[in-house]
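# Remarks on the overall topology
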Amino acid sequence: MTTLAPFGARLRHALDTRGQLCVGIDPHASLLAAWGLGDDIAGLESFSRTVVEALADRVAVLKPQAAFFERFGSKGIAVLERCTADARAAGALVVMDAKRGDIGSTMAAYAETFLAPDSPLFSDALTVSPYLGFGSLQPAVDLARANGCGLFVLALTSNPEGAEVQRAVAADGESVAQGVLRRLAAENAGAEPLGSFGAVVGATLAEAGADLAINGPLLAPGVGAQGATAADLPRVFGDSVRNVVPSVSRDVLKHGPSVAALREAAERFAQDVSGVTKG
């Protein structure tokens, strides 16, 4: 198997050539119904296949939300395997949105599920939670680095409840989120053109209130249905806006099942983002 270049380098190339946009693949029941599909395996498969057909050859990143596949059991996971493989084969980078976090051998097993090349769920990057301590992520960090993959670590999330943990301040005056960002910057030190270890920072934040210069990508959920727009990105991300990967789900997916309409919606968002990040 060919060794992959580091995720950060591959992502930088994708953002520069395909635009700074991530589209989520979130087949929840209401979207399946809006598409005229059943809330079943057939609907799940049709939905995910259509999104991949429409977007995998043109957007930088596709982000399947694992939970919406896992709720169907083993058959749903089989659909997720095909979705992931087909999206990568068509040229999109796949960020598996699974938000895994544990310790020791369990964290290692989660990492092997998504970051080992021989896994049927092998993805370019994985979202992970650091709230058992950043050091608990070490098995995932090590495997990602070895296999040319990346991580997106929850830092300043788009949900308002996140602040009660992420904005908490330690005895030394550093917030929990800033501690996560500091550790990510250390993992990315010296990487060119971009590190492989990114942070999840919500585009809906009034302000980041933290140093986002981690020499790594910043996955930014909240654009679209959650209320953020491309125009909000410079305010939240400042000088790091070039490394932002804004994530849109419902406001693109609602245009299905038309392949053409999905493509047009994604292109509109990508153009809006380009207008504020390239200027």
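We now turn to the structure provided with this report. Every chain is numbered independently, its residues counted from 1 as its sequence is written. Predicted model: local features are reported for residues with pLDDT of at least 70 only, side-chain atom pairs are reported and counted for 80 or more only, and whole-chain, interface and lining totals are derived from all residues. To obtain the side-chain values, all non-hydrogen atoms of the structure were used and water was disregarded.

### Points about the overall build of the protein
When helices and strands are counted, the protein shows twelve helices and eight strands. Over its C-alpha atoms the protein spans a radius of gyration of 18 Å, differing by no more than 12% from the 19 Å that the globule rule assigns to 279 residues. With the principal axes as the frame, the protein shows a C-alpha extent of 55 × 45 × 35 Å. Accessibility here uses a 1.4 Å probe with only protein chains present; expressed as a share of the type maximum, an area under 20% marks a residue as buried, one over 50% as exposed, and anything in between as partly exposed. Burial statistics for the protein: of 279 residues in total, 53% are counted as buried. For the protein, contacts bridging at least 24 residues in sequence account for 72% of all contacts bridging at least 6. A run of DSSP states H or I qualifies as a helix once it reaches four residues; a run of E qualifies as a strand once it reaches two. Both are numbered from the N-terminal end. Within these notes, the globule rule equals 2.2 Å times the number of residues to the 0.38 power, and the radius of gyration is based on C-alpha atoms. Should any heavy atoms of two residues lie within 4.5 Å, those residues are considered in contact.

### Overview of a nonpolar patch on the surface
To count toward a patch, a residue needs a relative accessible area over 30% and no salt bridge; like charges are then connected within 9 Å, while nonpolar side chains (Val, Leu, Ile, Met, Phe, Trp, Tyr) are connected within 5 Å. Note on areas: these come from Shrake-Rupley sampling with a 1.4 Å probe, and a residue is covered only by the protein chains present in the view. Each salt bridge in this description consists of a side-chain nitrogen of Lys or Arg and a carboxyl oxygen of Asp or Glu lying within 4 Å of one another. A contiguous nonpolar patch, built from Tyr131, Val165 and Val176 and spanning about 210 Å² of accessible area, is present on the exposed surface. In this structure, Val176 sits in helix H9 (residues 176–187). A residue is classified by how much of its surface remains accessible, and Val176, at 31% relative accessible area, is partly exposed.

### What about the pattern of salt bridges?
A complete count under the given rule lists 14 salt bridges for this structure. The shortest N-O distance in the salt bridge between Arg82 and Glu45 comes to 2.7 Å. Here Arg82, found in helix H5 (residues 74–89), pairs with Glu45, found in helix H3 (residues 41–55); they are 37 residues apart in sequence, far enough to count as distant. Taking the relative accessible area as the measure of exposure, Glu45 reaches 26% and is therefore partly exposed. Across the salt bridge formed by Arg145 and Glu187, the nearest N and O atoms sit 2.5 Å from each other. Taken together, the positions of Arg145 in helix H7 (residues 138–147) and Glu187 in helix H9 put the pair 42 residues apart, joining distant regions of the chain. In this structure, a network of salt bridges that share partners links the residues Arg10, Arg88 and Asp124.

### Quick look at the pairing of strand S1 (residues 22–25)
Successive side chains on a regular strand alternate, one facing one side of the sheet and the next facing the other. Side-chain alternation along S1 places Cys22 and Gly24 on one buried face and Val23 and Ile25 on a second face that is also buried. The pairing criterion for strands is at least two bridges between them, as found by DSSP. Pairing geometry for S1 and strand S8 (residues 244–248), over two bridges, is parallel. Each bridged residue has a counterpart across the sheet, and for Cys22 the counterpart in S8 is Ser247.

### Observations concerning the packing of helix H6 (residues 104–115) against H7
Interaxial distance between H6 and H7 falls to 8 Å at its minimum, and their mutual angle equals 30°. With respect to H7, the axis of H6 lies roughly parallel. Considering how the two elements wind past one another, H6 and H7 form a crossing that is right-handed. Contacts between H6 and H7 involve Gly104, Met107, Ala108, Ala111, Glu112 and Leu115 on the former and, on the latter, Pro139, Ala140, Leu143, Ala144 and Asn147. Nonpolar residues are Ala, Val, Leu, Ile, Met, Phe, Trp, Tyr, Cys and Pro. Charged residues are Asp, Glu, Lys and Arg, and all others, Gly as well, are polar. Broken down by class, the residue content of the contact of H6 with H7 amounts to eight nonpolar, two polar and one charged. To obtain each axis, a line is fitted to C-alpha atoms, and for helices this fit is confined to the stretch in contact; angles are then taken between N-to-C directions over 0 to 180 degrees. Our angle categories are set so that under 35 degrees counts as roughly parallel, over 145 as roughly antiparallel, 65 to 115 as roughly perpendicular, and the remainder as oblique. Note on convention: the crossing is left-handed when the near helix lies turned anticlockwise from the far helix by less than a right angle, right-handed when the turn is clockwise.

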